Structure formats: structure tokens, C-alpha cells
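# A closer look at the structure
Spelled out, the chains give:
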Amino acid sequence: MAANAADEEATVSLVDVLEEDEELEQEASAVLGGSDSEKCSYPEGYVKRQALYACNTCTPKGGEPAGICLACSYKCHEGHELFELYTKRNFRCDCGNDKFGEMECKLFSEKDKANSGNKYSHNFFGLYCTCDRPYPDPEDELPDEMIQCIICEDWFHGRHLGCVVPESVELQEMICESCMNKSPFLWTYAAHVAVPPVLKVCKAEEEGKVEVEHDEEETKPEKEVSESTEDNKQQVEVNGTAGCKRKHQELEDTSAESSCSGCRLGEMKASGQSRAQQGAVFWPSAWRTKLCSCTHCKNLFVDAGVAFLLDETDTVLAYENKGKTTEQAGGVEGRDPLMSALNNLNRVQQLEIIHEYNDMKTELKDYLQTFAAEGKVVTPEDIRHFFEQQQTRKRRRANAGQYYCS
């Protein structure tokens, strides 16, 4: 009875593993499925959103930054050291242009010398966050998640965002503090629409009491607070953006908002509700639908270079859903055959599959780690080669009539 229970538990464990692998495969398909793996995206112009890579072999640090599409990462840069940039908006493939010297794109060679509409950052040299470090960082032993800002599209360590990362962060969008300050009107939306900031509570090492960071101002002596307030009045800029002193342009914006009938932004400002203008800001799903799209506000977004925030299809989630739809349309409908076949096997056969599957999974992991160590992209040909080796070993075992261990 105990053995049967163990077998049943092992069978369920296999199903769980297969479902987990299937989920990971769907996540990868979501990112890559929205991009063409066979054709260079250059003829499409500045693609609204696509998976991008940077080649450290062809355009190393010290030179000009360049980005390549998914297809070119496979066909033109196989075996090169690549940086995976996830997805970026409004980008045109650079592969084979003047930034690559004598190298020509194998998929589409007729390209302009440069793509003036592309925006680059230190990401294209494999560096991220305000700490300007690589990811993964061999010198960083602290486990931390990386979160992408939806405006600058840089990636940040959670601990470097200047705020507490809320739960279910994968369901939200984030704007870093620097980008918030470059578009200060977003702070008004943050006070009404964004995820409320989580108080960062820390335990004092010596006194053993709990302190809340934002209460520091309240505990200052009255004289010190007065001096601090006077200093703030003189401050014109903070982090490169307008500080406490209101500029003439801001007064004009307020006037325009009040004259625009039904302006959501004007109504939010009139309510007087505010929040601390510091740290990154997290936004819940569908928050973009609450942005005002009156004529004045549209111009405000355009002038700040963030008009894409008014487009609900600009989100990474929308791109991933497109990739999933593409994969489902081109794939086989219905449940995975392996998952369905498990129900038709007896326990002995299921246990045999468990052992075979675990062996294959370990060997595949070791095989893929060699690519990760060398910074190479895994191509469909590499995967086919792996399974051809698996078939060869299987035939050897069958011919020998006994278990063969490589």
C-alpha cells in the first residue's frame, strides 16, 4: 500500500514537472513569439516592440551601441557573445550597418548607415540599473529581482529603486524615479492611480525599536525643520528636474488644465491629494485607461516624449499576449500528447518514464549551461543535435541489451 502511494506521488510529481516546463515554454514563447525568428525585422521600420539583442563580439564596449533582432541573433551572430535585452519599443535592427564595420547582414543587407530613431543605453553593453553592473553579476551574492522601467526600459535591482517592491509585481508596471522626475505631471497621477507606496520599516540595531523612514521629518527639532524648509525654497532643481520652486511653465500648464473642460489631470490636481515624490512608482494593470487624453494632456505627453503611455497596446503584457496567440495559432491544438499519454500507462511504465525524463532533463541542463557560460544563443539546430545524440544513445542501449551509461 505504501509502495502504491509512493508510486502515485511520483506520478503526480511528473505531471507537475511537465506542467511547470510547459509554463516556462509558454513564457519564452510569449517573449519570442511576437518576433520573427526567420526574417530580419529591418524592412518593417521602427518596430513597435520586439525582442532585441546586443552583440558584444561585434560591438563591444568602447564603440557605438547597436541592437539586433531575433532572426539576426540566430542567422548572423551564431556563436557570438550576446546580451539579451528582452524587448524594446520603436527600434530598427542595426545588424550589418556601419556600426558593424565590414560585416553584412545575411538576411537583409540593404540597410542605411545608421538608424537615427533608435534609442540606446548602457543595456547594449550588458550593463543595467543605477549601479551600472552586468546581469547576472558574478560579484553580487545578494538574491534580487530585476524590474524594467516602462519609460527608459532600463532594468533595476529591486533594492536600488528607492522604495519597497510591492507584491504581485509581475502584474504591474514600474516607472523609475528618474523618469518620473523628467515628466513631473506623472506624480499627480501617482497620487491617485498608482499602487500606494509601501512603508519601509527597519529595526534599529542598537535600541531594538522600529522606525518608519518617512517619519524622520516629524522627529526633527522645530528649528531644524524650519531651516530645512527655507533651504528647500531656494532649491531650483532636484535630480535634474524642477524642485520646490514652481516654474513659469508649470503655472501655464495649470492654467491650461483649468480651462480644459473635463480634464482628469486638472481634477486630480484640484483635489489636493499628493504623495512623496521619491522612489520608483508601481502602477496596477489597466492604469493607462485612467490617463487623461484631452488635447492639452495629449500635448503634455508628446512634449515629454511619453505619448506611448496613452497606448494600451504598448505594454509588454500586450506584446506577450500577441506572442502567445501567434504560438497557439501555429502550433498543434489541444493538450500536450505526453501529458495525455500518462493517463494510459500503468505505474511501472510511469516510473520508467520518470527516470528517463529526469536523466534527459539533467543532460539537457548540462548541455545548455555550456552555452550560457560562453554567452552563446541556443539555436534550433543545437536542440536538434542534442536530441539526435539522445537517439543515438538509446539505440546503443537497445543493441547492447543492457543499460548504457555515457
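Further up the page is the structure itself.
Residues numbered from 1 in each chain as written. Predicted model: local features only at pLDDT ≥ 70, side-chain atom pairs only at ≥ 80, totals over all residues. Heavy atoms only, no water.

## Notes on the overall build of the protein chain
What counts, and what does not: Under the DSSP-based scheme used, a helix requires at least four consecutive residues in state H or I and a strand at least two consecutive residues in state E, with every element numbered from the N terminus. Residue burial is assigned from relative accessible area. The probe radius is 1.4 Å, only protein chains are included, and a residue is buried under 20% of its type maximum, exposed over 50%, and partly exposed in between. Contacts are assigned to residue pairs with any non-hydrogen atoms lying within 4.5 Å of each other. Here the accessible surface of atoms and residues is derived via Shrake-Rupley with a 1.4 Å probe, and residues count as covered only by protein chains that are part of the display.
Summing up its helical and strand segments, the protein chain has 13 helices and eleven strands in all. In the protein chain, which comprises 406 residues, the proportion classed as buried is 36%. Contacts in the protein chain between residues far apart in sequence, at least 24 positions, make up 69% of those at least 6 positions apart. Carbon and sulfur atoms make up 49% of the accessible area of the protein chain, which amounts to about 25,000 Å² in all.

## Considering the environment of Asn97
Mapped onto the elements, Asn97 comes out in the loop between β3 (82-91) and β4 (146-148). Put simply, Asn97 and Asp112 are 15 residues apart on the chain and 6.5 Å apart in space, counted from C-alpha to C-alpha. Dropping the residues within four chain positions of it, Asn97 is found in contact with Asp112, Lys113, Ala114 and Asn115.

## Concerning the pairing of β3
Note the threshold: If DSSP finds at least two bridges between two strands, the strands pair.
With respect to burial, β3 is a largely interior element, seven of its ten residues being buried. Pairing analysis gives seven bridges linking strand β1 (residues 47-55) to β3, with the strands arranged antiparallel. Its bridge partner lying in β3, Val47 is registered against Phe91.

## Let's talk about the side chain of Thr379
Heads up, the rule is: Pairs of N or O atoms within 3.5 Å make up the polar contacts considered here, provided that, within protein, one atom can donate a hydrogen while the other can accept it, and that residues adjacent in sequence are counted only when both atoms are side-chain atoms.
You can see Thr379 is positioned in the loop between α12 (347-374) and α13 (380-400). We classify Thr379 as buried; its relative accessible area is 2%. Of note is the side chain of Thr379, whose polar atom sits 3.0 Å from the side chain of Asp382. Once residues lying within four places of it in the same chain are set aside, the contact partners of Thr379 are Tyr74 and Glu78.

## Quick notes on the packing of aromatic side chains
Defined as follows: The aromatic pairing rule takes the rings of Phe, Tyr and Trp, using the six-membered ring of Trp, and pairs them if the centres are within 6.5 Å, calling planes under 30 degrees apart stacked, those over 60 edge-to-face and the rest tilted.
On inspection of all chains with the given rule, the structure shows eleven aromatic pairs. Centroid distance Tyr86 to Trp155: 5.4 Å. Interplanar angle 75°. Geometry classified as edge-to-face. In this pair, Tyr86 sits in strand β3 while Trp155 sits in strand β5 (residues 155-157), placing the two residues 69 residues apart along the sequence. Aromatic pair Tyr367 and Phe386: ring centres 5.3 Å apart, planes at 35°, arrangement tilted. Here Phe386 lies in helix α13 and Tyr367 lies in helix α12, a separation of 19 residues in the sequence.

## Considerations on helix α8 (residues 264-271)
For the record, the criterion: Note that the arc is defined by the directions from the helix axis to the C-beta atoms.
Of the positions making up α8, those classed as buried are Leu265, Gly266 and Met268. Projected down its long axis, α8 shows its buried positions confined to an angular sector of 160°, all on one face. Opposite its buried face, α8 presents the exposed residues Glu267 and Ala270, each directed more than 90 degrees away. At the exit of α8 stands Gly272, carrying a positive phi of roughly 80°.

## Focus: unusual backbone geometry
Between Tyr135 and the following residue, Pro136, the backbone shows a cis peptide bond with an omega angle of -5°. Here Pro136 is to be found in the loop between β3 and β4. One non-glycine residue, Tyr86, lies in the positive phi region at around 65°. Here Asn90, not a glycine, exhibits a phi torsion of approximately 50°, which is positive. Along the chain, Asn90 turns up in strand β3. Asn90 sits in the partly exposed class, given a relative accessible area of 39%.

## A few points about helix α9 (residues 295-303)
Count 3.6 residues to each turn of an α-helix, and residues three or four apart come out pointing the same way. All of the buried residues in α9 are His296, Cys297, Leu300 and Phe301. In a view along the axis of α9, the buried residues occupy a sector of 135°, so they form one face of it. Within α9, the exposed residues directed more than 90 degrees away from the buried face are Thr295, Val302 and Asp303. Positive phi appears at Gly305, one or two residues downstream of α9, with a value of about 75°.

## Things to note about the pattern of salt bridges
Counted only if it meets this: Each salt bridge in this description consists of a side-chain nitrogen of Lys or Arg and a carboxyl oxygen of Asp or Glu lying within 4 Å of one another.
Here the structure, examined in full by the defined rule, presents 13 salt bridges. Notably, a salt bridge pairs Lys48 with Asp311, separated by 2.8 Å at the nearest N-O pair. With a gap of 263 residues between them, Lys48 in strand β1 and Asp311 in the loop between α9 and α10 (316-330) connect regions that are remote in the sequence. Given the relative accessible area of 26%, Asp311 is considered partly exposed. Put simply, Arg133 and Asp137 hold a salt bridge, and the shortest N to O gap is 2.9 Å. Among the charged side chains, a network of salt bridges with common partners joins Arg49, Arg89, Glu153, Glu173, Arg288 and Asp314.

Everything listed is a geometric property; what it means functionally is a separate question.
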